[in-house]
Amino acid sequence: MNLDELLALAAQDSPTPLEHARARRAMRRIKEDRQRRLVEGPEIISDVDLYDPLSADVGEAKRIARAAELRKRGSITWDMGTRQLDWSDEMSRIFGLAPVEARKSLSRLFALVHPGDRTAVRRRLGDAWRNRSAVELVCRITMRDGSTSYLEFLVEILTDGRDRPTGIVATGHDVTASHQRRRDDERRALRDGSVQKNLAEVDAVTGLLSRKAFIDEVGRASRTGTGTLLVISVMPYSRRSSDVDLARDDRLSAAAAKVLHDIVDSDPCGLLGRHEFGVLMPYTTFDMATSRAEKVVRSLRDTRFLAGHTRLDVFGGLVRYDYRLPTESIELLLDAETAWRRAKHGDQPLHVLRQQPSAEERREICRAGIRNAVEQSRFALYAQPLRDLELNRTTRHEILLRVLDDAGRPTPPATFLHLAEHMDEILAVDKWVINHALRLIGESSQTSHYQINISGRSLADPLLLDHIRSAVDRFGVDPEPHDRDHRDRGHRKPDRRPPVRRRGQGAGLPGRAG
Amino acid sequence: MTSARALRSDDSGAQRRSVELDGSFVRFLRDNYSKILKFLLRQCFDPHLAEDALREALIVAMDKWEIVSKHEKPVYWVNKTAWHKLLTLHDRQKWKDTVPLENVEDEVVEPASSHEAEMVLRHLLSRLPLQQRAVLALMVEGDSDEQIALQLGLAVTTVRTHKSEVRKKYRELFQSGSDGGRREPR
């Protein structure tokens, strides 16, 4: 069966009684909707062209340009008889030109096309003209500010009654955003396919296991035997300023890791957070582990002039694990972290947690810490401008969360978010982020595209959408250019940019920092 | 007295005209609603999206029926307007296309009825870009190249290009032969 026969057969399909009933229902709905709209305003306003499509008084070029206008497309018309080129106001807008100042000519048009695309565009136009066929093409346009935009055009050939070409109409629109999205997807797929897992498991600065890999290691050890876990906090003895010097912090982490590695020899070590290290000591008795932990802490405390710091403030927390008392690895880590905080609180080098807290007790400690952080707003928001080098423009700002430590210094949120997710307290954190980010966005000129990262766990909460809606209304945010992203933000690399707005400090707005 | 009577006569004339227009619009809808909806459904496969686009177009058509009803073929105007509304809604969805599940990788057999022909047609439509879908959807209605061009706001040469692409795609999808490819329904 050829296509014409298929079409003829399909055309025999006549409306069923059900379809007639649907038409009657639609009729009633349309009448009601029209009445409602007339009550709301004196006139029904809609983007339509009331001209009769069969009217002969409109030329083909004008008809196409008007249809393009309805779809918010720009149009370019070239007439062979007069050799005149013209483009619509919408096209001027897309080109970034003011309609009145634009000199419209073929040479001016080709000057706007990116030099790398000019030959291809000319060739495609030539083909379309010769074959009297339409072509779709995507080309880059260099804007006045030096940035690049991707435009998609449908180039159509106008003909006279004898099928002779008389001109060209090209209708086009900006597809930079969709091009960008597609390229991001491709880049993400390429990255996912090419990143070596074993490299991702090792911290690049210190050469120690990453937090995730270390937790896995603790999990394996605690399921198969007994042993101890030591978590150490290594901070510079004094820091007058709360400013962040990430390069210096990296140097300190690398130097401390080297000292640590020399002392513990073959035991698995991991970088758990900013200035926080873990040492796993499998198959050790508590007494033996305590003496080794004391040695580690003492050695680090005795170290002088490390990475520009005269002395280090070191505290350790020690806990034991036993395969007969199953505890999740993250909970063990939490216990050890609580232990070093107790050591610090009591101004002791090491706190040994002889008795594991109960699950309820542990959860309560952790939840209280998280709630406390939310209530006291111990967070900072950063806007990281994402600059597209190919387009030469900032395509969006990603809102990043940082947790403020005891001294008010921002730290990467991975550990905190991991715990908050584990303890089911992430929703409160995400609501804080949404409220504060939207408030800041609402106060700005909202010229950029912002991306706010939210946990997948929070997205599953049925009430979150209402919360976002109400925050959007409350802070007067235009929701169109914003994304919410539920990708795993806990494993993002910390950004290396200065904070652009910290709660309570009245710094500049995120979008203006880039 | 005379002017009051004239006013009353004007009022009743306007009312009569309004009733006539309403009647004419209802008749138009009865005859064409299913056809226009099918035209839209052949392009987006999403009944809600198609109905939304058509409702938007018909509300305006009803409001401006005095002008639209005088067109040579009002259905062309509604087709054109509803198509543009559909494209706008489609743009807002950021081109997340809906593909009917029943058409995914089905074995295509000889269509024996108009319903089966419609299924084969939808299979072909789902593999075409939007403008080519619209051209094919109007080809089913038996419209000429010029009529299609007028409704879709395209050049006649573009309609011909799209038609040729559609035929090529049809042959590719349903080519005959024993090479393991799909067979042309015959």
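Bear in mind that the values here come from a model prediction, so they are computed numbers and not experimental data.

Asks: Can you lay out the sheet that holds strand β5 (residues 165–174) of chain A for me, pointing to particular residues and giving the numbers?
Replies: By definition, the strands of a sheet pair up through backbone hydrogen bonds, in either a parallel or an antiparallel sense. Residue and element names in this part refer to chain A. Across the sheet, 5 strands lie side by side as β2-β1-β5-β4-β3; this open sheet has antiparallel pairing. Every other strand in the sheet has two partners, leaving β2 (84–87) and β3 (135–142) as the edge strands with one partner each. Mean inter-strand twist for the sheet, computed between neighbouring axes without regard to direction, equals 25 degrees. Where strand β4 (residues 148–159) meets β5, 9 bridges bridge the pair, whose relative direction is antiparallel. Bridge pairing in β5 places Glu152 opposite His173. The strands touched by helix α3 (residues 60–70) within the sheet are β1 (74–79), β4 and β5, with β4 carrying the most contacts at an inclination of about 150 degrees.

Asks: Quick rundown of the interface of chain A and chain B? Include the residues and the values.
Replies: Across the contact, 53 residues belong to chain A and 62 residues belong to chain B. Here chain A packs against chain B, burying approximately 5200 Å² in sum over the two surfaces, 60% of which is carbon and sulfur. For Asp33(A), the salt bridge goes to Arg55(B), with nearest N and O atoms at 3.1 Å. Between chain A and chain B we count 12 residue pairs in polar contact (both at pLDDT 80 or more) in total. If you list the elements that add at least two residues to the side of chain A that touches chain B, you get α1 (3–11), α2 (17–40), α3 and β4 of chain A. Per-element accounting of the side of chain A that touches chain B gives the leading share, 13 residues, to α2(A). Counted by class, the side of chain A that touches chain B contains 26 nonpolar, 6 polar and 21 charged residues.

Asks: Account for the pattern of salt bridges, naming residues and giving values.
Replies: Summed over the entire model, instances satisfying the criterion amount to 37 salt bridges over all chains. The partner of Asp163(A) in a salt bridge is Arg160(B), and the shortest N-O contact between them spans 3.4 Å. You can see Asp163(A) sitting in the loop between β4 and β5 and its partner Arg160(B) sitting in helix α8 (residues 156–173), one on each of two chains. Exposure remark for Asp163(A): the relative accessible area of 33% places this residue in the partly exposed category.

Asks: Tell me about the pairing of strand β9 (residues 312–322) of chain A, and name the residues and values.
Replies: Residues and elements named next belong to chain A. Among the 11 residues of β9, 9 are classified as buried, and the element is accordingly described as predominantly covered. Strand direction decides the pairing type here: strand β6 (residues 226–236) and β9, joined by 11 bridges, are antiparallel. Bridging from a neighbouring strand, Leu229 pairs with Val319 of β9. Two elements, β9 and strand β10 (residues 350–353), share 4 bridges in a ladder whose sense is parallel. Within β10, the position partnered with Leu318 by the bridge is Val352. Regarding topology, helix α12 (residues 329–345) serves as the crossover connection from β9 to the parallel β10, and that connection is left-handed.

Asks: I'd like a description of the packing of helix α4 (residues 74–92) of chain B against helix α7 (residues 145–152) of chain B, backed by residues and values.
Replies: Residues and elements named next belong to chain B. Packing of α4 against α7 leaves a shortest axis separation of 8 Å and a crossing angle of 50 degrees. Classified by the interaxial angle, the pair formed by α4 and α7 is oblique. Taken together, the residues of α7 that come into contact with α4 (itself represented by Tyr76, Asn79, Lys80 and Trp83) are Gln147, Leu150, Gln151 and Leu152.

Asks: An account of helix α13 (residues 359–375) of chain A is needed here, citing residue identities and associated values.
Replies: All names here are of chain A. Counted at 1.5 Å a residue, the expected span for α13 with its 17 residues is 24 Å, and the 24 Å between its end C-alpha atoms agrees. Those residues of α13 that sit buried are Arg362, Cys366, Ile370, Ala373 and Val374. Considered in projection along α13, the buried side chains sweep an arc of 105 degrees and stay on one side of the axis. Exposed residues on α13 whose side chains face more than 90 degrees from its buried face are Glu360 and Glu375. For α13, the elements touching its buried residues are α12, β11 (379–388), α14 (414–422) and α15 (426–443). Ser377, located one to two residues past α13, shows a positive phi value of around 50 degrees.

Asks: I'd like a rundown of unusual backbone geometry, residues and numbers included.
Replies: Residues and elements named next belong to chain A. The phi angle at Arg132 is positive, at roughly 50 degrees, despite the residue not being glycine. Structurally, Arg132 can be placed in the loop between α6 (115–131) and β3. In the Ramachandran plot, Asp163 falls in the positive-phi region, its phi being about 65 degrees despite a non-glycine side chain.

Procedures and definitions
- Residues numbered from 1 in each chain as written.
- Chains lettered and ligands numbered in written order.
- Predicted model: local features only at pLDDT ≥ 70, side-chain atom pairs only at ≥ 80, totals over all residues.
- Heavy atoms only, no water.
- Pairing = 2+ DSSP bridges.
- Helix = DSSP H or I, 4+ residues; strand = E, 2+ residues; numbered from the N terminus.
- Axes fitted to C-alpha atoms, helices over the stretch in contact; angles between N-to-C directions.
- Contact = heavy atoms within 4.5 Å.
- Buried area = accessible area lost by both parts, 1.4 Å probe.
- Salt bridge = Lys/Arg side-chain N within 4 Å of Asp/Glu carboxyl O.
- Polar contact = N/O pair within 3.5 Å; in protein donor to acceptor, adjacent residues only side chain to side chain.
- Nonpolar A, V, L, I, M, F, W, Y, C, P; charged D, E, K, R; others polar.
- Buried < 20%, exposed > 50% of the residue type's maximum accessible area, 1.4 Å probe, protein only.
- Right-handed = clockwise from strand over helix to strand, strands pointing away.
- Parallel < 35°, antiparallel > 145°, perpendicular 65-115°, else oblique.
- Expected span 1.5 Å × (residues − 1).
- Arc of directions from axis to C-beta.

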